[in-house]
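Understanding the architecture of this molecule
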Amino acid sequence: MVDVTTFASETDTQTLTGQMIVAGTMVTGAGTEVRGFDPAAGTALEPAYRHGDLAVVEAACAAAAEAFGPYRATTSAQRAKFLEAIAANIEAAAEVLIPRAVAETGLPHARITGEVGRTCGQLRLFAAVLREGSWNGARIDSALPERTPAPRADIRQRTVPLGPVAVFGASNFPLAFSVAGGDTASALAAGCPVVVKGHDAHPGTSELVGRAVAKAVADAGLPAGTFSLLFGSGRKLGTALVTDARIKAVGFTGSRSGGTALVAAAAARPEPIPVYAEMSSINPVFLLPGALSTRGAELGAAFVGSLTMGSGQFCTNPGLVIAVDGPDLDTFVAAATEALAQAAPTPMLTPNIAKSYADGVRDLEGAADVLARGQAADSSTACQAALFSTDAAGFLASDVLQAEVFGASSLVIRCADADEVASVASKLEGQLTATVHADDSDTAEAARLLPVLELKAGRILFNGWPTGVEVGYAMVHGGPFPATSDSRTTSVGAKAIERFLRPVSYQDVPKSLLPSAIADGNPDHLWRLIDGRFTQD
């Protein structure tokens, strides 16, 4: 590590330095040099960043471990105020942050502006979760000393944070799934220090947000190790993070190969730890006969709007359309084909992502029928949308057709009848979403399909489109493998905090030593499960 500068709360947080943030210290790496890249202009951006080495990982993890004790001892109110300060700092940097994120991703200004709002909204959601208090999981089974044949002890339960968490920033959401995104917000809310590995696709954006977080840490008087931001290769620095004994959980959004590699590395540790990886999903859309009959053309045009949004670089992009073959499906395809032909090429996030998309489309061209292409791409980083078709048998027999293609590409599966639709549904891999378009006349078929989809997806939606994930209390952004590595959790919404907590029981602990969440008199005014009944008493 070289060129070390101490970070203070009054430090300029909006001037890029090309440095990492290691427990409140600005650090220049000594490894591979990387720069942000403007995919719209085709030019590299200043400043240069250098990857960190194993010494950087050691310093960040040691600081996080040291910070864990005092940080987890903070009150819910203190952590809530801290999260709100991060949000305020990000908003204060918006004038610089938004243009930088636009330049590094090629995403439109309005999209990035919305993502700033979503990122800050997530932070404030978890502040509200902390103040509401049910995350404590407070339960009390009162002592029954007279019970026979054996008395019952006084047993109480609450949750505690796991420990320092490693978070891997995503390529496609430079804010909402990155340095201060949902993984970081939920881990910090739980009481866990965070070490972030920023994504090489948007290092400047990552630094700006990292500085906003570091300023909030300093202003709150929290231990500097509460937050660190590193850059480095996934294979070297990322693996070192996941296998460091002081890291107790991992949040990841990215490719299936990257996620499974981290899961394997974490499982091979002497002390295995959970990796909450969001990975691969093709998000099937089921068009039931009644809906196709009454609004097939309308659905075709709306589908293309969802497919091409953000060059299709969403984990919830509708990559499959499944329906019974016939004239009504032809109407849908005709409308989709017409809309797709008018779709202009748009820049993809990075040259590597653009190349992977082109390779994936080329594979589909060899395995399915081409229905339509968008307007021809005018650069190597632009996305030319694509729509393909096959029958159910062809889909189920082909690994290529069942693989995710990250970008604006989708496949229509023509089924012989409702039984074949159900058969395709039952043989799908795990998904983040499953969408059903149905009219009243489709109720019976929808009722048949719904139990199948419950086993396949984390979010089932009717008469909408999967792109766009609401951040709230009821949202699930997860699903069975390979959508995620752990289908019991969500990476979006209030329940995401539960990933970084574990339950602890307190049996006959002296009342003077009980944590306030489970103390007599309910000093935190929580809803608690007491002897099987929820109460605030």
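All values derive from a computational prediction rather than experimental measurement. (Residues numbered from 1 in each chain as written. Predicted model: local features only at pLDDT ≥ 70, side-chain atom pairs only at ≥ 80, totals over all residues. Heavy atoms only, no water.)

1. So, the overall build of the protein
When you go through the protein residue by residue, the secondary structure sums to 15 helices and 26 strands. Taking the principal axes of the C-alpha coordinates as reference, the protein spans close to 75 × 70 × 40 Å. Within the protein, the fraction of its 537 residues that count as buried is 55%. The contacts of the protein with a sequence gap of at least 6 include a subset with a gap of at least 24, amounting to 75%. Carbon and sulfur atoms form 55% of the exposed surface of the protein, whose accessible area is close to 20800 Å². Looking at the protein, you have 40 positive and 55 negative side-chain charges, and the mean spots of the two groups are 8 Å apart. (Helix = DSSP H or I, 4+ residues; strand = E, 2+ residues; numbered from the N terminus. Buried < 20%, exposed > 50% of the residue type's maximum accessible area, 1.4 Å probe, protein only. Contact = heavy atoms within 4.5 Å. Areas by Shrake-Rupley, 256 points an atom, 1.4 Å probe, with all protein chains shown as cover. Lys, Arg positive; Asp, Glu negative; His and termini not counted. Charge placed at Lys NZ, Arg CZ, Asp CG, Glu CD.)

2. Points about the UniProt feature "domain: Aldehyde dehydrogenase" (unreviewed entry) in the protein
The sites that carry the UniProt feature "domain: Aldehyde dehydrogenase" (unreviewed entry) are, in the present numbering, residues 33-475. Segment residues 33-475 splits into 45% helix and 19% strand. End C-alpha atoms: 39 Å apart. (UniProt positions renumbered as here; feature names shortened; annotations may be inferred.)

3. Section: the domain arrangement of the protein
Split by domain assignment, the protein resolves into domain 1 (19-139 + 153-279 + 490-498) and domain 2 (284-462). Each of domain 1 and domain 2 has a C-alpha centre, and the two are 33 Å apart. Between domain 1 and domain 2, the buried area comes to about 1100 Å², and carbon and sulfur atoms account for 61% of it. Our count for the domain 1 to domain 2 interface comes out at one salt bridge. When the shortest N-O distance is used, the salt bridge between Arg 256 and Glu 429 registers 3.1 Å. Taken together, the connections running from domain 1 to domain 2 amount to three residue pairs in polar contact (both at pLDDT 80 or more). Grouping the constituent residues of the side of domain 1 that touches domain 2 by class yields seven nonpolar, four polar and four charged. (Domains from an automatic or database assignment. Buried area = accessible area lost by both parts, 1.4 Å probe. Salt bridge = Lys/Arg side-chain N within 4 Å of Asp/Glu carboxyl O. Polar contact = N/O pair within 3.5 Å; in protein donor to acceptor, adjacent residues only side chain to side chain. Nonpolar A, V, L, I, M, F, W, Y, C, P; charged D, E, K, R; others polar.)

4. Description of the nonpolar core
Most often, soluble globular proteins keep nonpolar side chains buried together rather than apart. Membership of the largest hydrophobic core comes to 138 residues, with the highest contact counts inside it found for Ile 86 and Ile 90. When residues of this core are assigned to their parent elements, the largest contribution, nine residues, is made by helix α4 (residues 109-132). Each of domain 1 (19-139 + 153-279 + 490-498) and domain 2 (284-462) accounts for three or more of the residues forming this core. Excluding residues within four positions of it along the chain, Ile 90 makes contact with Leu 97, Val 116, Thr 119, Cys 120, Leu 123, Ala 180, Val 209 and Ala 212. Core analysis: the second largest hydrophobic core is formed by eight residues, Ala 170, Phe 173, Ala 176 and Val 492 among them. (Core = buried A, V, L, I, M, F, W, Y, C linked by side-chain atoms within 4.5 Å.)

5. Here we look at the side chain of Asn 283
You can see Asn 283 is positioned in the loop between β14 (275-278) and β15 (284-287). The class of Asn 283 is buried, set by a relative accessible area of 0%. When near neighbours in sequence (up to four residues on either side) are disregarded, Asn 283 contacts Cys 315, Thr 316, Asn 317, Pro 318, Gly 319, Leu 320, Gln 431, Leu 432 and Thr 433.

6. Considering the side chain of Ser 186
Looking at the element boundaries, Ser 186 is found in helix α5 (residues 182-190). Engagement of the side chain of Ser 186 in a polar contact is seen with the backbone oxygen of Gly 182, the distance being 2.7 Å. In contact with Ser 186, other than residues within four places in its own chain, are Phe 126, Ala 496, Ile 497, Arg 499 and Phe 500.

7. A word on the sheet that holds strand β25 (residues 528-530)
Read across the sheet, five strands follow the order β24-β9-β8-β25-β26 without closing on themselves; strand pairing throughout is mixed. The strands lining the two open edges of the sheet, one partner per strand, are β24 (501-507) and β26 (533-535). Each strand axis lies, on average, 25° off the axis of its neighbour in the sheet, ignoring direction. As paired elements, strand β9 (residues 155-161) and β24 share seven bridges and run antiparallel to each other. (Pairing = 2+ DSSP bridges. Axes fitted to C-alpha atoms, helices over the stretch in contact; angles between N-to-C directions.)

8. Some thoughts on the pairing of strand β11 (residues 194-197)
Side chains Val 194 and Val 196 of β11 all project onto a buried face; the interleaved residues Val 195 and Lys 197 project onto the opposite face, where all are buried too. Pairing analysis gives four bridges linking strand β10 (residues 165-168) to β11, with the strands arranged parallel. Bridge assignment links Ala 166 to a residue of β11, and that residue is Val 195. Viewed along the sheet, the connection from β10 through α5 into β11 turns out right-handed. Of the pairings in the sheet, the one linking β11 to strand β12 (residues 227-230) comprises four bridges and is parallel in character. (Right-handed = clockwise from strand over helix to strand, strands pointing away.)

9. Considerations on helix α11 (residues 351-365)
For α11, spanning 15 residues, the distance from its first C-alpha to its last is 21 Å, which sits close to the expected 21 Å at 1.5 Å a residue. Considered for burial, the residues of α11 that qualify are Ile 353, Ala 354, Tyr 357, Gly 360, Val 361 and Leu 364. Along the axis of α11, the buried positions cluster into a sector of 125°, meaning they face one direction only. Exposed and oriented more than 90 degrees from the buried face of α11 are Asn 352, Lys 355 and Ser 356. Elements in contact with the buried residues of α11: β18 (369-373), β19 (382-383), β20 (386-391), α13 (399-402) and β21 (409-415). (Expected span 1.5 Å × (residues − 1). Arc of directions from axis to C-beta.)

10. Things to note about the pattern of salt bridges
Scanning the model with the defined rule gives 28 salt bridges in all. Each of Glu 33, Arg 35, Glu 46 and Arg 50 takes part in salt bridges that share partners, so that together they form one network.

11. Brief notes about unusual backbone geometry
At the junction of Glu 46 and Pro 47, the peptide bond is cis and its omega measures out at 0° in the coordinates. Inspection of the secondary structure puts Pro 47 in the loop between β6 (43-44) and β7 (49-50). In this structure, Pro 149 follows Thr 148 across a cis peptide bond, with omega equal to 5°. Position of Pro 149 among the secondary structure elements: in the loop between β8 (139-141) and β9.

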